[in-house]
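Residue-level structural notes
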Amino acid sequence: MRVLIVGGGGREHALAWRLAQSPSVKAIVASPGNPGIAALGQCVAEPATISGYCDLAHAYSIDLTVVGPEAPLVAGIANEFRRRDLKIIGPTAAAARLEGSKRFAKDFFRRTHIPTARSGESLSEFGLPVVIKADGLAAGKGVVVANTASEAEASLARLGPNVVIEEFLDGEEVSFIGLCTGTSVVPFPPTQDHKRVFDGDQGPNTGGMGAYLDPGILSSAQAGDIMERIMLPAVRQMAKEGTPFTGFLYAGLMMTPDGPKLLEFNVRLGDPEAQTLMHSFRGDLGEVLRDAAGESLPTLNTAPPSVSVCVVAAAEGYPATPHTGDLITGIPDAEATGAVVFQAGTEQAGGQLLTSGGRVLGVTTGGDTLQIAIDRAYAAMAKIHFRGMHYRRDIGRKGLNRAREARRW
Ligand SMILES: Nc1ncnc2c1ncn2[C@@H]1O[C@H](COP(=O)(O)OP(=O)(O)O)[C@@H](O)[C@H]1O
Ligand SMILES: [Mg+2]
């Protein structure tokens, strides 16, 4: 089959890389794609409209479309494809409200009895810290964890009346991603992101500075609990409400002493989590996605997944004001160590690879143990260079600590 990938970041490069190894996949087209994806298939400019993607799918004889980012999903790309009888993996606009509107999501969690932070209408109902979330898509900039009353008041004034106010939950965050068919969910192994820009979870939030996949992040009882209390109820309730969910459903969880609580759903793969998921995936991804798009439950390889680690290299000034146009060297040397380098903010210009965005690339490795995968990722990263490059040195450390101290949640 011929697959169209919508998007052009590290997540989409990772999808393209794994799909390129699928026996069922004959060709890959990406829009807009990136220089990394261009080595695996054809990249075409982003159409100006949602229906432009359908035209593109027709023009390139596409059998299946996979959507990376949330914006086209929230804008209804899956509705348009289905209306025109084109196969796509991703939720309709109505189902994508789970990510597109925090108020819709929070009301949905409540009526579905999904464990989540207590929410309310005014700051006075909560102690400190308190969490304030803007309703709509905000590219990771719409959530404030306020530590003081004046910070909370100021955030409320800035974000406006259309917000969710909720209690602060203490714990470690886990990303739990499943592939949904409208009525059921196939879970992927658990992953953990690193949102803050600096080591030790310091500094401002980013799109994600690295991730690791390790089955040991959750016990099988915990993973089962998340399926039974969060993922399956959500998918069943969406179907019951006439807005069935197809595609990747990402639960952002806080592991609290009272069990897992849902912070949010995303309606697509997380990035960088996807880089580790694709790296450790075994089997024919094309077949799995085609099955899910056709609403039949795909079978995943049930062999215990290998550990995978992704370290993101970011541009100088990221996340505030990333510098672009810097020459990137050393990717072939990094890949010669066995690592896979997924490109994100890169562009090809005059025969050279230059930085073109905040998160420039992700170095992804696997191994029998987390420590081995981490060491391999940093050894490969040491081969790569661009001016102003920075990356976290502690990706996966929480996982090492957890293994050392034995589980503490
Ligand atoms: N109730 C909460 N308690 C503690 N931290 C929270 C809570 N809600 C969100 N956060 C923090 O804020 C981050 C962003 O919130 P999230 O709901 O995931 O929104 P988005 O990803 O759209 O910005 C989370 O990853 C988490 O670190
Ligand atoms: Mg989030």
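It should be noted that the structure appears before, not after, this text.
Quick look at the structure, then. Small disclaimer: the values here were computed from a predicted structure and weren't measured. (Residues numbered from 1 in each chain as written. Chains lettered and ligands numbered in written order. Predicted model: local features only at pLDDT ≥ 70, side-chain atom pairs only at ≥ 80, totals over all residues.)

Moving on to the sheet that holds strand β9 (residues 163-167). Strand pairing in a sheet relies on backbone hydrogen bonds. The paired strands run either parallel or antiparallel. Ordered by their spatial adjacency, four strands build an open sheet running β6-β9-β7-β8, and the pairing between neighbours is antiparallel. Each end of this open sheet is capped by a strand with a single partner; those strands are β6 (119-120) and β8 (143-146). Across four bridges, strand β7 (residues 130-134) lies against β8 in antiparallel orientation. Bridging across to β8, I132 finds its partner in V144. On top of the sheet, helix α8 (residues 149-159) reaches β7, β8 and β9; it is set at about 10° to β7, its chief contact. (Pairing = 2+ DSSP bridges. Helix = DSSP H or I, 4+ residues; strand = E, 2+ residues; numbered from the N terminus. Contact = placed C-beta atoms within 7 Å. Axes fitted to C-alpha atoms, helices over the stretch in contact; angles between N-to-C directions.)

In this section: unusual backbone geometry. The omega angle of the peptide bond from L128 to P129 is -10°, so this bond is cis rather than trans. Within the secondary structure, P129 is located in the loop between β6 and β7. For the bond running from D271 to P272, omega is 20°, close enough to zero to count as cis. Relative to the elements of secondary structure, P272 occurs in the loop between β17 (259-266) and α10 (273-280). Of note in this structure, S61 is not a glycine but carries a positive phi near 50°. Position of S61 relative to the elements: it lies in the loop between α3 (50-59) and β4 (64-67). We note that D201 has phi near 55°; this positive angle belongs to a residue other than glycine. Relative to the helices and strands, D201 is located in the loop between β13 (196-198) and β14 (202-205).

Bringing helix α13 (residues 370-381) into the picture now. Because each turn of an α-helix spans 3.6 residues, side chains separated by three or four positions end up pointing in the same direction. End to end, α13 covers 16 Å across 12 residues, agreeing with the expected 16 Å (1.5 Å per residue, within 8%). Residues of α13 that are buried make contact with β15 (210-213), β18 (307-314), α12 (331-336), β22 (359-367) and α14 (397-405). (Expected span 1.5 Å × (residues − 1).)

On to the site of ligand 1. The environment of ligand 1 is formed by 15 residues, the closest being A117, V131, V143, L169 and E264. Within the residue set of the shell around ligand 1, elements represented by two or more residues are β7, β8 and β17. (Near = placed C-beta within 6 Å.)

Right, let's get into the packing of helix α1 (residues 10-20) against α10. Running from amino to carboxyl end, α1 crosses α10 at an angle of 10°, the nearest separation of the two axes being 8 Å. Considering the angle they form, α1 stands roughly parallel to α10. Across the interface between the two elements, G10, R11, A14, L15, W17 and R18 of α1 pack against A274, Q275, M278 and H279 of α10. Its residues assigned to classes, the contact of α1 with α10 shows five nonpolar, three polar and two charged. (Parallel < 35°, antiparallel > 145°, perpendicular 65-115°, else oblique. Nonpolar A, V, L, I, M, F, W, Y, C, P; charged D, E, K, R; others polar.)

A few words now on the sheet that holds strand β1 (residues 2-7). Strand order in the open sheet made by the five strands is β3-β2-β1-β4-β5, with parallel pairing throughout. In this open sheet, the two strands that pair with only one neighbour each are β3 (42-43) and β5 (88-89). Bridge analysis of β1 against β4 gives four bridges, and the strand direction is parallel. Across the sheet, residue L4 finds its bridge partner in β4, namely T65.

So, to be careful, I would describe these as geometric facts and stop short of saying anything about function.
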